[in-house]
Amino acid sequence: MLIAEELLLLALDPAEGSPVNSSRQPLTMTLSGALIAELGLAHGVVVDGKRFHPVGPTPPDPLLAAAHRAVGTVKGRRAADQVRRLDKALGGVWSTVVDRLVEEKVIGRERRRMLLFPVTRHPVLRTDLRDEVVRRAQEAARGSGPLDARTAALLALAGPSRLLEVVAPDRAAHKHAKERIATATAATPVAPVVVRVLREAQAATNAAIGASVAATAGSSSA
């Protein structure tokens with residue numbers, strides 16, 4: 001399972017089938033970051049100046065192959081621009097990852113109407129897989145030592161994805177979990193390119209949320 005798929009499972013309420021804690025918007029950026037991080041762990045992307053560049057053979061996984069190609073073609077002078085624009089280049093990372101998990105029967109797809117508006121939910125069918133991802137993330141958030149590289153990347157992405165309450169359900173543990181999220185990759189032997197990916201994903205997420213808040217404030221005052 002890709003890190004992006006694990007991150008989406010972590011974000012889904014297993015019964016409601018919707019992202020917890022209004023995490024849908026930041027996941028647009030962090031799922032893109034997760035794909036580039038996966039490429040980084042496989043030595044499929046490097047940092048050259050201010051941008052990511054694909055290297056090596058095309059990955060066998062179709063989604064990673066598409067991300068590998070797109071990283072080299074999306075416009076933008078900075079790595080954060082590439083993270084932000086990868087979503088559009090791949091036709092929507094959220095929907096692409098969801099479609100994979102639906103096809104693999106890990107999650108379902110239910111279309112409903114709520115107050116006359118169509119709503120799509122994705123209840124978790126393979127709760128055993130989600131439970132394992134949650135267990136791993138929560139253990140990582142509670143701990144203090146090095147992590148395996150994939151878990152470190154997953155935990156680091158949980159912060160900007162607004163999933164603190166998932167990885168640390170006990171409020172008393174929030175402070176430690178925040179520190180752990182911030183230092184997950186620093187305490188783990190992770191390739192520098194992966195650390196850069198995670199930093200740029202957070203920057204892109206913060207910028208996108210800031211732009212959304214500004215637009216909402218502007219429309220409210222108009």
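Small disclaimer: the values here were computed from a predicted structure and weren't measured. (Residues numbered from 1 in each chain as written. Predicted model: local features only at pLDDT ≥ 70, side-chain atom pairs only at ≥ 80, totals over all residues. Heavy atoms only, no water.)

## Let's talk about the overall build of the protein chain
1) Next: Secondary structure summary: the protein chain contains 10 helices and 4 strands in total.
2) Next: Listing each helix as α and each strand as β along the protein chain from the N terminus yields α-α-β-β-α-α-α-β-β-α-α-α-α-α.
3) Next: Relative to the compact-globule value of 17 Å for 222 residues, the protein chain shows a C-alpha radius of gyration of 17 Å, a close match.
4) Next: Looking at the protein chain residue by residue over its 222 residues, the buried ones come to 50%.
5) Next: When the accessible surface of the protein chain is summed, it comes to about 11000 Å², and 55% of that surface belongs to carbon and sulfur atoms.
6) Next: For the protein chain, the distance from the average site of its 30 positive side-chain charges to the average site of its 22 negative ones is 8 Å. (Helix = DSSP H or I, 4+ residues; strand = E, 2+ residues; numbered from the N terminus. Rg over C-alpha atoms; globule rule 2.2 N^0.38 Å. Buried < 20%, exposed > 50% of the residue type's maximum accessible area, 1.4 Å probe, protein only. Areas by Shrake-Rupley, 256 points an atom, 1.4 Å probe, with all protein chains shown as cover. Lys, Arg positive; Asp, Glu negative; His and termini not counted. Charge placed at Lys NZ, Arg CZ, Asp CG, Glu CD.)

## Some words on the packing of helix α2 (residues 24-41) against helix α3 (residues 62-71)
1) Next: It is at 10 Å that the axes of α2 and α3 come closest, and there the two elements cross at 95°. Considering the angle they form, α2 stands roughly perpendicular to α3. Of the residues in α3, those touching α2 at L35, I36, E38 and L39 are L63, L64, A67, H68 and V71.
2) Next: Counted by class, the contact of α2 with α3 contains 7 nonpolar, 1 polar and 1 charged residues. (Axes fitted to C-alpha atoms, helices over the stretch in contact; angles between N-to-C directions. Parallel < 35°, antiparallel > 145°, perpendicular 65-115°, else oblique. Contact = heavy atoms within 4.5 Å. Nonpolar A, V, L, I, M, F, W, Y, C, P; charged D, E, K, R; others polar.)

## Notes on unusual backbone geometry
1) Next: Here the phi dihedral of K105 falls at roughly 60°; this positive angle occurs in a residue that is not glycine.
2) Next: Here K105 shows up in the loop between α5 (93-103) and β3 (110-114).
3) Next: The residue R162 is not glycine, and still its phi comes out positive at about 65°.
4) Next: Tracing the sequence through the fold places R162 in the loop between α7 (149-158) and α8 (164-167).

## Examining the pattern of salt bridges
1) Next: Applying the stated criterion across every chain, the model contains 11 salt bridges.
2) Next: Here R84 and D81 are joined by a salt bridge, their closest N and O atoms 3.1 Å apart. Linking R84 with D81, this pair stays in helix α4 (residues 79-89), spanning 3 residues, or about one helical turn.
3) Next: It is possible to trace a salt-bridge network through shared partners that takes in E5, D61 and R100. (Salt bridge = Lys/Arg side-chain N within 4 Å of Asp/Glu carboxyl O.)

## Some words on the side chain of S18
1) Next: Within the secondary structure, S18 sits in the loop between α1 (3-11) and α2.
2) Next: The exposure class assigned to S18 is buried, which follows from its relative accessible area of 16%.
3) Next: If near-sequence neighbours (up to four positions away) are discounted, S18 is found in contact with A11, L12, D13 and R121.

## Here we look at α2
1) Next: Over its 18 residues, α2 extends 25 Å from the first C-alpha to the last, a length consistent with the 26 Å expected when each residue adds 1.5 Å.
2) Next: Of all 18 residues in α2, 15 are buried; the element is thus mostly enclosed.
3) Next: Once α2 finishes, H43 follows within two positions and takes phi at roughly 60°, a positive value. (Expected span 1.5 Å × (residues − 1).)

## Some remarks on the confidence of the model for the protein chain
In low-pLDDT segments, the atomic positions of the prediction should not be examined closely.
1) Next: On average, residues of the protein chain score 86 in pLDDT, and 91% of them are at 70 or above.
2) Next: Across the protein chain, the element-wise mean pLDDT spans from 62 in helix α10 (residues 192-221) up to 97 in helix α6 (residues 127-142). (pLDDT = per-residue confidence, 0-100.)

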